[in-house]
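Structure at a glance
Here is how the chains run, residue by residue.
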Amino acid sequence: MRTVYVFIVHAGGFALSFVKVVYGMIGLFYDTMIEIFRYGKRGYASSIKQIVSQILFTGVEAFWLVGIIGLLCGITIIIQATTTMPKFGVGEYFGKILIIVVIRELGPFFTALVVVGRSGAALATYIGNMRVAKEISALEVMGINPIRFLVMPAFVAMVVSMVCLAVYFDIIAIIGGYFVAQANVEIPFGIFMSTVLDALSAKEIVISMAKNLLFGSIIATVSCYYGLAVNNVREVPQAALKSVVGSMIATIVINMIVTIGFYA
Amino acid sequence: MNRTPSFCAEDLYYSIGGVPLLQGVSFTVSAGESMVIAGRSGCGKSALLEICVKLSLPNSGKIYWEGTNTDLLTREERVAARRRIGFIFQKHALIHNFTIFDNIALPLRYHSIMAEKEIRLKVRHCMDEVGLFNVDLKFPNELSSGQLKSAALARALILDPVILFADEPTAGIDPYTEECISKLLNYLRTVKSLAIVMTCNDIQTIRHMKSPLKILDNGKLFEVNKTAGAADPHQPAIVTTFQEML
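Residues numbered from 1 in each chain as written. Chains lettered and ligands numbered in written order. Predicted model: local features only at pLDDT ≥ 70, side-chain atom pairs only at ≥ 80, totals over all residues.

Once that is clear, we can look at the overall build of chain B. When helices and strands are counted, chain B shows 8 helices and 10 strands. A compact globule built from 246 residues would reach a C-alpha radius of gyration of about 18 Å, and chain B, at 18 Å, matches this within 12%. For chain B, the spread of C-alpha atoms along the three principal axes comes to 60 × 45 × 45 Å. For chain B, buried positions account for 42% of its 246 residues. (Helix = DSSP H or I, 4+ residues; strand = E, 2+ residues; numbered from the N terminus. Rg over C-alpha atoms; globule rule 2.2 N^0.38 Å. Buried ≥ 20, exposed ≤ 12 C-beta atoms within 10 Å, placed from the backbone.)

So this is what it looks like as structure tokens:
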């Protein structure tokens, strides 16, 4: 009886803290949206500067990593296709396979994983360290809104970088797939590309972009939330860890919901 | 003439984790006046300053900035009011990935008050005033603690505040820089009518500041009478200690 009671108390406590965290994240997302659409010169130039530096870190500096993963994914997918499908006429399906696997699922998901592991953790640590050093308090006391100065630029940069990196991932994966397809079944580039483009519909592009936007928003919100929640220096590594775990779980759940909603 | 005080704290009560830090603290500082608060480490001096600028909220009590009850300010009004307040943190709190120049220029750039050319001139002037030379492109981690204090002071003064709160602005710096900072603060107080509230345990600075000294002990503020003769047997020992040292 006591065990059941303890279990219920723990489960209740966990549920309560989960709701609190989600509520906090929704609040932060709302405040960020307000700052994005708020008209005014205040902090505009500073925000642009912050956005550019965040895009450099999150997007440009991650190009090589996303490129390598995209290339390897494209190669692996086509190798699997050529080894498991009958040789005759397999070229006709390369486009469809790449679209289904890369653009629908792997492109947004793998890019999100790279952004979570690389930039999400770094963002949580950056903001957490600022909290510990009272830099965020210093911003507040100067009349500078930390959401406008820190969170909003990080959010915008993360979303823009996520979309660009995912498109780049898709292109590199398709090119990688083509080289393997060429080596295995000697398919001309024109025919290969026409199978890819035939399989690519407006719906695929819209859903893929929507996933990228959602993933970027989630990673930025979760990372900033955990960064801002830091109270002392011991919590900084925990914030990075929580941001990675939280972003990954949220990304997987959202990915599953979108896939079920549109393709099931 | 009846002047509105630049800053007024009224009956502040504050506790952390059940430990009372402030128990009915009240004080007033007008334009051209300054006040130094000393006290044991951990007695709540920094907490008091943070409450004064509304970075922390007291359990009870009121804060007035230039006669306005801060509880009645909207978010926008508070942002506008904060532009007239300068604050120096004990550990400088400069943005670590900004250069010293960008740190000092940040409030001006954010509030879009001036053109970039004017901002450069103003920041240059402010840096000269606090004695910061050849550090424009350096980052906070490349500066000595004295230079960091000076940079934090420059950033606090860049918006021409009417009230300055300084949390141990001369702690851990050399006597020469300490004297320069004290002279600058006295100059700003007398010539530019800046109201200054600072915490400080450095006897040299307390002497240089020529301000009323109050001691925070057990959550209450005690005045130190520098010219008093025999010590009051009812006052806390730390007040007597400061009285004797001065």
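Helix and strand counts for chain A come out as 9 helices and 0 strands. Reading the helices (α) and strands (β) of chain A from amino to carboxyl end gives α-α-α-α-α-α-α-α-α. Across the 264 residues of chain A, 44% fall into the buried class. Of the contacts made within chain A by residues no fewer than 6 positions apart, 88% connect residues no fewer than 24 positions apart. (Contact = placed C-beta atoms within 7 Å.)

Our next topic: the pairing of strand S3 (residues 34-39) of chain B. Residue and element names in this part refer to chain B. Among the 6 residues in S3, 5 count as buried, and that is most of the element. When S3 meets strand S8 (residues 195-199), the two strands line up parallel, connected through 4 bridges. The residue of S8 that forms the bridge with Val36 is Met198. Where S3 meets strand S9 (residues 213-217), 4 bridges bridge the pair, whose relative direction is parallel. Within the sheet, the bridge partner assigned to Ile37 lies in S9 and is Lys214. (Pairing = 2+ DSSP bridges.)

All names here are of chain A. Across the interface, helix H6 (residues 146-185) lies against helix H8 (residues 202-228) with an axial gap of 8 Å and an inter-helix angle of 145 degrees. Note on packing geometry: the crossing formed by H6 with H8 is right-handed. Residues Val151, Ala154, Phe155, Met158, Val159, Met162, Val163 and Ala166 of H6 form the contact with H8, whose participating residues are Met209, Asn212, Leu213, Phe215, Gly216, Ser217, Ile219, Ala220 and Cys224. (Axes fitted to C-alpha atoms, helices over the stretch in contact; angles between N-to-C directions. Left-handed = near helix turned anticlockwise from the far one by under 90°.)

Tallying the contact residues gives 16 residues for chain A and 17 residues for chain B. Every element with two or more residues in the side of chain A that touches chain B is listed here: helix H2 (44-58) and helix H5 (135-141) of chain A. For the side of chain A that touches chain B, the element with the highest residue contribution is H5(A), accounting for 5 residues. Partitioning the side of chain A that touches chain B into residue classes produces 7 nonpolar, 4 polar and 5 charged. (Nonpolar A, V, L, I, M, F, W, Y, C, P; charged D, E, K, R; others polar.)

With that out of the way, let us pick up the sheet that holds strand S6 (residues 85-88) of chain B. Residue and element names in this part refer to chain B. Read from one edge to the other, the open sheet built from 6 strands follows the order S6-S7-S8-S3-S9-S10, with strand pairing classed as mixed. Both edges of this open sheet fall to S6 and strand S10 (220-224), since each of them pairs with a single strand only. Within this sheet the neighbouring strands show an average axis-to-axis angle of 20 degrees, counted without direction. Bridge count for S6 against strand S7 (residues 163-167) is 4 bridges, and the pairing is parallel. Paired with Gly86 across the bridge in S7 is Leu164. Across the face of the sheet, helix H5 (residues 145-157) comes into contact with S6 and S7 while running at roughly 170 degrees to S6.

Now for the packing of helix H3 (residues 63-84) of chain A against H6(A). Between two packed helices, the angle of one axis relative to the other and the distance separating the axes together describe the packing. All names here are of chain A. Packing of H3 against H6 leaves a shortest axis separation of 7 Å and a crossing angle of 40 degrees. Between H3 and H6, the crossing angle belongs to the class labelled oblique. You can see that H3 and H6 cross each other, and the crossing is right-handed. Residues belonging to the contact of H3 with H6 are distributed by class as follows: 18 nonpolar, 7 polar and no charged. (Parallel < 35°, antiparallel > 145°, perpendicular 65-115°, else oblique.)

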